[in-house]
Amino acid sequence: MSSPENKNSETHPEEQMEYVSSCALPMPWATFQLHAFVDRISGKEHLALVLGDVAHGEPVLARVHSECLTGDALFSQRCDCGAQLEAALKKIAKEKRGVLFYLRQEGRGIGLLNKVRAYHLQDGGADTVEANQQLGFAADLRRYTVCLPMLEHLGIKSLRLMTNNPRKVAALEECGINIAERIGLVVNRNPFNIRYLGTKAAKLGHLLPSHDNE
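Numbering of residues starts from 1 in each chain and follows the order in which that chain's sequence is written. Side-chain atom pairs in this predicted model are given and counted only at pLDDT of 80 or more, local residue features only at pLDDT of at least 70, and totals for whole chains, interfaces and linings cover all residues. For the side-chain quantities, the full set of heavy atoms in the structure was used; hydrogens and water were omitted.

Asker: Got a sec to walk through the pattern of salt bridges? Specific residues and values, please.
Answerer: Here, a salt bridge means any Lys or Arg side-chain nitrogen found within 4 Å of an Asp or Glu carboxyl oxygen. The full count for this structure, using the stated rule, is 13 salt bridges. Of the charged contacts, one joins Arg78 and Asp123 as a salt bridge, the two residues approaching to 3.1 Å between their closest N and O atoms. Of this pair, Arg78 sits in the loop between helix H2 (69-72) and helix H3 (81-95) while Asp123 sits in helix H5 (residues 112-123); the two residues are 45 residues apart in sequence, bridging distant segments of the chain. For Glu106, the salt bridge identified is with Lys115, shortest N-O distance 2.6 Å. There is no split in this pair, since Glu106 and Lys115 are both buried. Numbering of helices and strands runs from the N terminus, with a helix taken as a DSSP run of H or I at least four residues long and a strand as a DSSP run of E at least two residues long. Any residue under 20% of the maximum accessible area for its type is buried, any over 50% is exposed, and the rest in between are partly exposed; the area is computed with a 1.4 Å probe on protein chains only.

Here it is as structure tokens:
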């Protein structure tokens, strides 16, 4: 299967991303400012939730979160995504300053329907990486170039990034984004996602507690 996104476009990120509008978004922890963007190439819509003054130059507490409908909206315990989303928003609210980028790249870039197909394969014994590969995809098809024009629009120069994934840090830095600090975000380890988290640590390099003897 081919990648669900056109990754060969020669359009520069700042030309590719279009700012649409913004609004206040009251949430349980604080009222964020919601900024909407659209990728002119893929047509995908991306969001930035901003709290406080993020443009004064100091590194900004941030989460770059890829959409996970099953975890974020349907409370799935197969992953840690929904818990990470909530924990990141709470941390930003506690600090009263930060940004969460919500990127529409479901299933590490394979899309929602293929993610369900991958879950079916996992039900049959495949791990999260093997399932994607059996469907003809790479283990991770996400891209983070869309973040750069969003950061520039918001006036953000540097991030204190909440992630367990060193590859995400490297990918953002390769895009020209300054990562001042990596902050771990280990949440919601449960009986349904132990193998998933172990696979992320063993095969995708995530910095997570040991999953030995499980």
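Asker: Describe the sheet that holds strand S5 (residues 98-103), with residues and values.
Answerer: Spatial strand order, S1-S2-S3-S5-S4-S6-S7: seven strands in an open sheet with mixed pairing. The sheet is open, and its two borders are formed by strand S1 (17-26) and strand S7 (178-183), each paired with just one other strand. Taking each pair of neighbouring strands and ignoring which way they run, the sheet shows an average axis angle of 25°. Pairing geometry for S1 and strand S2 (residues 31-39), over nine bridges, is antiparallel. Across the sheet, Ser21 pairs through a bridge with Ala36, a residue of S2. The contact criterion used throughout is that any non-hydrogen atoms of two residues lie within 4.5 Å. Note on method: axes are straight lines fitted to C-alpha atoms, helices fitted across the in-contact stretch only, with angles between N-to-C directions ranging 0 to 180 degrees. Taken strand by strand, helix H8 (residues 166-174) contacts strand S4 (60-66), strand S6 (158-162) and S7, and its axis lies near 170° from that of S7. Here, any two strands with at least 2 DSSP bridges between them count as paired.

Asker: Just give me the short version of the pairing of strand S3 (residues 45-51), but keep the residues and values in it.
Answerer: Across the seven residues of S3, five count as buried, placing the element largely inside the fold. Inspection of the sheet shows S2 paired to S3 by six bridges, in the antiparallel sense. Among the inter-strand pairings, Gln33 is bridged to a residue of S3, identified as Val50. Following S2, the chain reverses through five residues before pairing antiparallel with S3; Gly43 in that reversal takes a positive phi of roughly 80°.

Asker: Describe in detail the packing of aromatic side chains, supporting the description with residues and values.
Answerer: Between rings of Phe, Tyr and Trp, where Trp is taken as its six-membered ring, a pair exists when centres lie within 6.5 Å; planes separated by under 30 degrees are stacked, by over 60 edge-to-face, and by other angles tilted. Going through the model one piece at a time under the given rule, you end up with one aromatic pair. Ring plane angle 65° and centroid distance 5.6 Å describe the contact between Tyr19 and Phe37, whose orientation is recorded as edge-to-face. Of this pair, Tyr19 sits in strand S1 while Phe37 sits in strand S2, and the two are 18 residues apart along the sequence. You can call Phe37 buried: its relative accessible area is 3%. Above the face of the Tyr119 ring, Arg78 is positioned so that its terminal group lies 4.2 Å from the ring centre. Note on criteria: charge over ring means Lys NZ or Arg CZ within 6 Å of the ring centre, with the direction from the centre no more than 35 degrees off the ring normal.

Asker: Lay out helix H9 (residues 194-204) in plain terms, naming residues and giving numbers.
Answerer: Residues separated by three or four positions in an α-helix point in the same direction, a consequence of the helix having 3.6 residues per turn. Three or more residues of H9 are buried, namely Tyr196, Leu197, Gly198, Thr199, Lys200 and Leu204. Of the surrounding elements, those touching the buried residues of H9 are H3, helix H4 (106-109), helix H6 (128-134) and H8. Backbone geometry just after H9 places Gly205 at a positive phi near 80°.

Asker: Can you lay out the nonpolar core for me, pointing to particular residues and giving the numbers?
Answerer: Remark: nonpolar core denotes a set of buried residues (Ala, Val, Leu, Ile, Met, Phe, Trp, Tyr, Cys) joined through side-chain atoms within 4.5 Å. Counting 25 residues, the largest nonpolar core has Val99, Phe101 and Leu159 as its most contacted members. Mapped by element, the contributors of at least two residues to this core are S3, S4, S5, helix H7 (147-154), S6 and H8. Of the residues forming this core, the biggest block, four residues, is contributed by H7. Beyond its immediate chain neighbours, meaning those up to four positions away, Leu159 contacts Val60, Ala62, Val99, Leu151, Ile177, Asn178, Ile179, Ala180 and Glu181. Core analysis: the next-biggest nonpolar cluster, separate from the first, contains 17 residues, Phe32, Leu49, Leu85 and Tyr102 among them.

Nothing here speaks to function; it is geometry throughout.
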